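# Summary of structural features
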Amino acid sequence: MSANENPSTSGAAEYDVVVIGGAAAGLSGALALVRARRSVAVVDAGDPRNAPAAHVHNYLGREGAAPGELYKVGRGEVAGYGGTLIAGEVSTVTRNPDGRFDVRLDDGRLLRARRVLASSGARDVLPDVAGLAEHWGTGVLHCPYCHGWEVQDQAIGILATDLGASVHQALLWRQWSDDVVLFLNGCGEPDHDQAGQLAARGIRVVNGKVAAVEGGPQLSGVRLDSGELVPRQAVVVFSRLSARAGYLADLGITPEEQFMGDLSIGTAVAADPMGATTVPGVYAAGNLVMPMMQVIGAAAAGLAAGAAINGDLMAEDTAAAVAAVRK
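What counts and how
Residues numbered from 1 in each chain as written. Predicted model: local features only at pLDDT ≥ 70, side-chain atom pairs only at ≥ 80, totals over all residues. Heavy atoms only, no water. Core = buried A, V, L, I, M, F, W, Y, C linked by side-chain atoms within 4.5 Å. Buried < 20%, exposed > 50% of the residue type's maximum accessible area, 1.4 Å probe, protein only. Helix = DSSP H or I, 4+ residues; strand = E, 2+ residues; numbered from the N terminus. Pairing = 2+ DSSP bridges. Axes fitted to C-alpha atoms, helices over the stretch in contact; angles between N-to-C directions. Left-handed = near helix turned anticlockwise from the far one by under 90°. Contact = heavy atoms within 4.5 Å. Nonpolar A, V, L, I, M, F, W, Y, C, P; charged D, E, K, R; others polar. Salt bridge = Lys/Arg side-chain N within 4 Å of Asp/Glu carboxyl O. Phe/Tyr/Trp six-rings, centres within 6.5 Å; stacked < 30°, edge-to-face > 60°.

## Focus on the nonpolar core
Val18, Val93, Leu111 and Leu248 are the most contacted members of the largest nonpolar core, which totals 28 residues. Mapped by element, the contributors of at least two residues to this core are strand S1 (13–20), strand S2 (40–44), strand S4 (90–95), strand S5 (101–105), strand S6 (110–118) and strand S19 (282–284). Ranked by size, the runner-up nonpolar core spans 27 residues in total, among them Ala25, Val295, Ala299 and Ala305.

Following this line, the structure appears as structure tokens:
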């Protein structure tokens, strides 16, 4: 189960699988693989997408767990079955002539793997409005299923970046509060049907560009360009999700634009339902593949990819054994 070398030495430590990313997808895939008696290293930069959030929700059996605690437990489980955990960030992945992969860390360390599971996730790209980043994950939110219960019956603002998507958000968040305001933010005017839906649900519409969200430490309101401050306790934004996949470029894997209808929601790496990418031996799972996937879904995708990788390695091991017998 252990690597052939310590990764801190000048040589390359060799593993069956190197997992890139140590959040839900990566740790779940790694757990499946170490339980299948594969040698596995998980390289984790320690910067999961949900780090600003206080809790993980809709994860059956772990509802309300802190993200850091969830991943700490997961790392312990992987290590308990003999997995290797490496703190660091991957800079490049390249294929060797023998078909194995060189995984180079940004500090120069080199790992070698028969297979790679890319699960480095995505990064939220927020609208360019002052105060959003400072309150991200606390007073500035994006997903009602992740945060709706926690802000129920509060004064909620919807900051428009795309009119159609923002009307949908406003109607959705109305499920959790009867005090919802849609800030149009220069994105156009609701059409007749949209205006009727908003009015029927008691959602107030505010014209004018948004200059900032304010408050400290708790969010207190939305400041318009006009100078008016509209008191709000939470603000909902649409964040684009940018795949963290730069290290895969040398393999020819580049993120592709993802759409919800006509709306671009970010970028992702293409993979089949079991995580196989267009490059044989390289698998991907989690938000790297599906930007809007929640934590429990990412864990399930990691498990599926881990099982697929083990099956792939089994086929390779069997072919090698048959060839050896025939020789």
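## So, the pairing of strand S18 (residues 263–268)
Within S18, six of the six residues are buried, which leaves it mostly tucked inside the rest of the structure. In this structure, strand S17 (residues 256–260) lies alongside S18, joined through five bridges in antiparallel fashion. Among the inter-strand pairings, Glu257 is bridged to a residue of S18, identified as Thr267. Here S17 folds back onto S18, and the loop between the two strands holds two residues, one of which, Gly261, carries a positive phi near 70°.

## A short note on the sheet that holds strand S13 (residues 221–224)
Here we have three strands laid out as an open sheet, ordered S12-S13-S14, and antiparallel in their pairing. Two strands lie at the open edges of the sheet, namely strand S12 (210–214) and strand S14 (229–231), each paired on one side alone. Across the sheet, the axes of successive neighbouring strands diverge by a mean angle of 20°, strand direction being ignored. As paired elements, S12 and S13 share four bridges and run antiparallel to each other. Note on S13: the bridge partner recorded for Val210 is Leu224.

## Regarding the packing of helix H1 (residues 24–35) against helix H7 (residues 295–326)
Relative orientation and spacing of two packed helices are given, respectively, by the angle between their axes and the distance between those axes. H7 packs onto H1 with a crossing angle of 35° between their chain directions and a minimal axis gap of 7 Å. For the pair H1 and H7, the sense of crossing is right-handed. Taken together, the residues of H7 that come into contact with H1 (itself represented by Ala24, Ala25, Ser28, Gly29, Ala32 and Leu33) are Val295, Ala298, Ala299, Gly302, Leu303, Gly306, Ile309 and Asn310. Looking at the contact of H1 with H7 residue by residue, the classes come out as nine nonpolar, five polar and no charged.

## A closer look at the pattern of salt bridges
Taken as a whole and assessed by the stated rule, the structure comprises 14 salt bridges. Salt-bridge contacts for Arg38 lead to Asp317; the nearest nitrogen and oxygen are separated by 2.9 Å. Of this pair, Arg38 sits in the loop between H1 and S2 while Asp317 is found in helix H7, placing the two residues 279 residues apart along the sequence. Note that Asp124 and Arg49 form a salt bridge whose closest N and O atoms lie 2.8 Å from each other. Residue Asp124 is found in strand S7 (residues 122–125), and its partner Arg49 is found in the loop between S2 and helix H2 (67–80); the two are separated by 75 residues along the sequence. Through salt bridges that share partners, Asp16, Arg38, Arg114, Arg115, Asp312, Glu316 and Asp317 make up one connected network.

## Focus on the packing of aromatic side chains
Here the structure, examined in full by the defined rule, presents two aromatic pairs. Measuring from ring centre to ring centre gives 5.9 Å for Tyr145 and Trp176, while their planes differ by 85°; the resulting arrangement is edge-to-face. Remark: Trp176 occurs in the loop between helix H5 (163–173) and strand S10 (180–183) and Tyr145 occurs in helix H4 (residues 144–147); sequence separation between them is 31 residues. Residue Tyr145 is classed as partly exposed on the basis of its relative accessible area of 47%. Note on Trp173 and Trp176: the rings are 6.2 Å apart at their centroids and 55° apart in plane angle, and the pair reads as tilted. Note on accessibility: Trp173 and Trp176 belong to one class, buried.

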